[in-house]
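As a plain string of letters, each chain reads:
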Amino acid sequence: MDALRIEGGYPLRGTAHVSPAKNAVLPLMAAALLAPGESRLSRVPNLADVRTLSKLLGHLGARIAREGSSLRIDAADPAGREAPYDLVKTMRASVLVLGPLVARFGQARVSLPGGCAIGARPINLHLKGLEAMGAEVRLEHGYVDVRADRLQGARLVLDLVTVTGTENLVMAAALAKGTTVIENAAREPEVVDLIECLNSMGARIQGAGTAFLEIQGVDALRPYDYEPIPDRIEAGTLLVAAALCGGELKVEGARINHLDALVQKLREAGAEVEDDGGRGAWARGRPPARSVDARTSPYPGFPTDMQAQFMALMALGRGLSVVTETIFENRFMHVSELNRMGADIQAEGARAVVRGVRRLSGARVMATDLRASAALVLAGLAAEGTTVVSRVYHLDRGYESLETKLNGVGAKIERIKE
Ligand code: EPU
C-alpha cells in the first residue's frame, strides 16, 4: 500500500494548478447515460473515483474511452440496469446512475450504499423524490429496484439539503413528463455545473444556484461536450496549506467566488487571501493563525469537505476554536490522528474544541477518509520532523497528485510503499 512521507517545516512558495472538481465530474459522467450517443467530458482528473464510475458505466454497457485528459462516454444503447454492491460499496456516488437510468430506461437496480466512514448517509430522499414522480420503489436483498413507465413531473420539497439527491432528481426530472419543482434544493457549484451541462443537452431547468428549481421535462436529450468547473475543495486545501505553512501561494484556476465562506475564515485567522486577477486565488500565510470558530453547513456555508483541513490549521492556532460539523454525524476521525501529532482537540458529538498548540510533531498516522487524509498531509507539512500518512488510497480517490503539486511549491513529500 502507498503511504506519504512528509518532512515538515517548509514554507510554500510558487504556483499550483487546481484540477477540475471530482464532485462535478462524477454527476456529469452519470448524466451521459441520459442521452443516446457519445458525450465528451474534457479535463477529467485522473482519480480513483473517476475510474470506479467508469467501471460502473462500462458494467452498464456504455463505452468509455480516455483520450488524453478527455473522457468519451458512448451511451448509445447501454443494456445494463444494475449498480452492483462491490462498486457502490467502493464509492457511494455510484448511486448517481439511479436517476438517469430510471428516467431514460424506466428501470434501475442499485445496491443500497450502507454507512461509510463519515456517517450513515442514507438515500431515502433520492427514493422519496422518485416515488413522488410516479416510480415504484422496492427494496430487496440489499438492492433498491426502481421502475416507472415514464416519470411524471411533481412538486418535491426536500427534507434536508442533499447534493447527490438534488442531482439525481434533477437528472430524473429532465426527462419526466411535465414540470417538476424541487424546493430546498442544493446550491453547490457542482449542482449548478450539472444543470448547465443538462441545459446544454436540451434540458429546460431554471433556478440553478437557488434552492428552488423548476424543470420542464423534455422527451429526449442530446449528448454533451462539456468541461467541468475547477475543484473548490482542492483549491481550498491548498489555501489552507499556505495559511498553515506560511509563504505565498498562487492557486491557478481556482474560482474564489466558490470559496467565500472559507476565504472569510482564513482572513479572520490572519491569512491574506485575494483573487489573483481573475486567474485564480492567491494566499499569503503568517503562521501561527488566530483561532476562529467554524460551523459547517450546505453551500454557501462553510463546506464540510474543508472541515478536517481547517481543523489542522486550528490545531496550531493561537487560542481556542470550536469546530461544529452539522452535515455528517461521524466526520471527526482525523481528531485522534491529529492528537497523536501533539494536537489538543476534544471532540464530543457534533463539536470539537481545538486548543491551539505551539508545535505538532511528526508521527505515523492513518488516513480514514478522503478529507481526513488531506488534513493529515497538511498537519505533516507544518509539523516538526517526519510524518508518515498511511492508507493514502483515500487521498487518491479525490486529489489528483496532491503531493506533486505541493512539492512543486516547496513541500518535501515522498510517496513510499509499505
Ligand atoms: N441525507 C439523508 N438522506 C438522503 C440524502 C442525504 O439523510 O437521501 C443526509 C446525509 O446522510 C447527510 C446529509 O443529508 O447527513 C447531506 O448529505 P448529501 O446527500 O448532501 O451528501 P452526498 O450528496 O452524499 C456530496 C459530496 C460529498 C460532500 C457532501 C456534502 C459528491 C459525490 N459527494 O455527498 O463529498 O461531503 O455532498 O457537501 O458530490 C467528499 O468529496 O469528500 C465528499 C464526501
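Residues numbered from 1 in each chain as written. Predicted model: local features only at pLDDT ≥ 70, side-chain atom pairs only at ≥ 80, totals over all residues. Heavy atoms only, no water.

A. The side chain of serine 291, seen in detail. By the element assignment, serine 291 lies in the loop between strand E17 (280-285) and strand E18 (294-295). Given a relative accessible area of 17%, serine 291 falls into the buried group. Polar side-chain contacts of serine 291 include one of 3.2 Å to the backbone oxygen of glycine 319. Excluding residues within four positions of it along the chain, serine 291 makes contact with Met314, Gly317, Arg318, Gly319, Leu320 and Ser321. (Helix = DSSP H or I, 4+ residues; strand = E, 2+ residues; numbered from the N terminus. Buried < 20%, exposed > 50% of the residue type's maximum accessible area, 1.4 Å probe, protein only. Polar contact = N/O pair within 3.5 Å; in protein donor to acceptor, adjacent residues only side chain to side chain. Contact = heavy atoms within 4.5 Å.)

B. Layout of the pairing of strand E7 (residues 107-111). Sheet topology places strand E6 (residues 82-83) next to E7; two bridges connect them, and they run parallel. When the sheet's bridge partners are listed, glutamate 82 is paired in E7 with arginine 109. (Pairing = 2+ DSSP bridges.)

C. Quick look at the site of the ligand. Neighbouring the ligand are 21 residues, the closest being Asn124, Thr162, Thr164, Asp305 and Ile327. Separating an oxygen atom of the ligand from a side-chain N or O atom of lysine 22 is a distance of 3.1 Å. A distance of 2.6 Å separates an oxygen atom of the ligand from a polar side-chain atom of threonine 164. Relative to its free-state accessible area of 840 Å², the ligand is covered by the protein chains to the extent of 88%. (Near = heavy atom within 4 Å. Areas by Shrake-Rupley, 256 points an atom, 1.4 Å probe, with all protein chains shown as cover.)

D. Here's a closer look at the sheet that holds strand E11 (residues 179-183). In spatial order, the strands read E10-E11-E13-E12; together these four strands make up an open sheet with mixed pairing. Edge positions in the open sheet fall to strand E10 (155-157) and strand E12 (204-206), since each of these has one partner strand only. Recorded for the sheet is a direction-independent mean angle of 15 degrees between the axes of neighbouring strands. Inspection of the sheet shows E10 paired to E11 by three bridges, in the parallel sense. Its bridge partner lying in E11, arginine 155 is registered against valine 181. Of the strands in this sheet, E10, E11, E12 and strand E13 (212-216) are in contact with helix H6 (residues 163-174), which crosses E13 at around 25 degrees. (Axes fitted to C-alpha atoms, helices over the stretch in contact; angles between N-to-C directions.)

E. Fine view of the environment of asparagine 184. Relative to the helices and strands, asparagine 184 resides in the loop between E11 and helix H7 (189-200). Engagement of the side chain of asparagine 184 in a polar contact is seen with the backbone oxygen of leucine 158, the distance being 2.9 Å.

F. Looking closely at the environment of valine 323. Checked against the element boundaries, valine 323 lands in strand E19 (residues 320-324). Sequence separation between valine 323 and histidine 258 is 65 residues; the distance between their C-alpha atoms is 21 Å. Contact partners of valine 323, with chain neighbours within four places excluded, come to Ala294, Gln307, Met311, Phe332, Ala350, Arg351, Ala352 and Val354.

G. The arrangement of the sheet that holds strand E21 (residues 351-355) in detail. Read from one edge of the open sheet, four strands run E18-E19-E21-E20, paired in mixed fashion. Because the sheet does not close on itself, it has two edges, and the strands there are E18 and strand E20 (344-348). Relative to the sheet, helix H10 (residues 307-315) contacts E18, E19, E20 and E21, its axis offset from that of E21 by approximately 30 degrees.

H. Inspection of the packing of aromatic side chains at higher detail. Taken as a whole, this structure holds one aromatic pair when the rule is applied. For the pair phenylalanine 302 and phenylalanine 310, a centre-to-centre distance of 5.3 Å together with 65 degrees between the ring planes defines the contact as edge-to-face. On the basis of relative accessibility, which here comes to 1%, the residue phenylalanine 310 falls in the buried class. Sitting over the face of the ring of phenylalanine 105, arginine 81 holds its NZ or CZ atom 3.9 Å from the ring centroid. (Phe/Tyr/Trp six-rings, centres within 6.5 Å; stacked < 30°, edge-to-face > 60°. Lys NZ or Arg CZ within 6 Å of the ring centre and 35° of its normal.)

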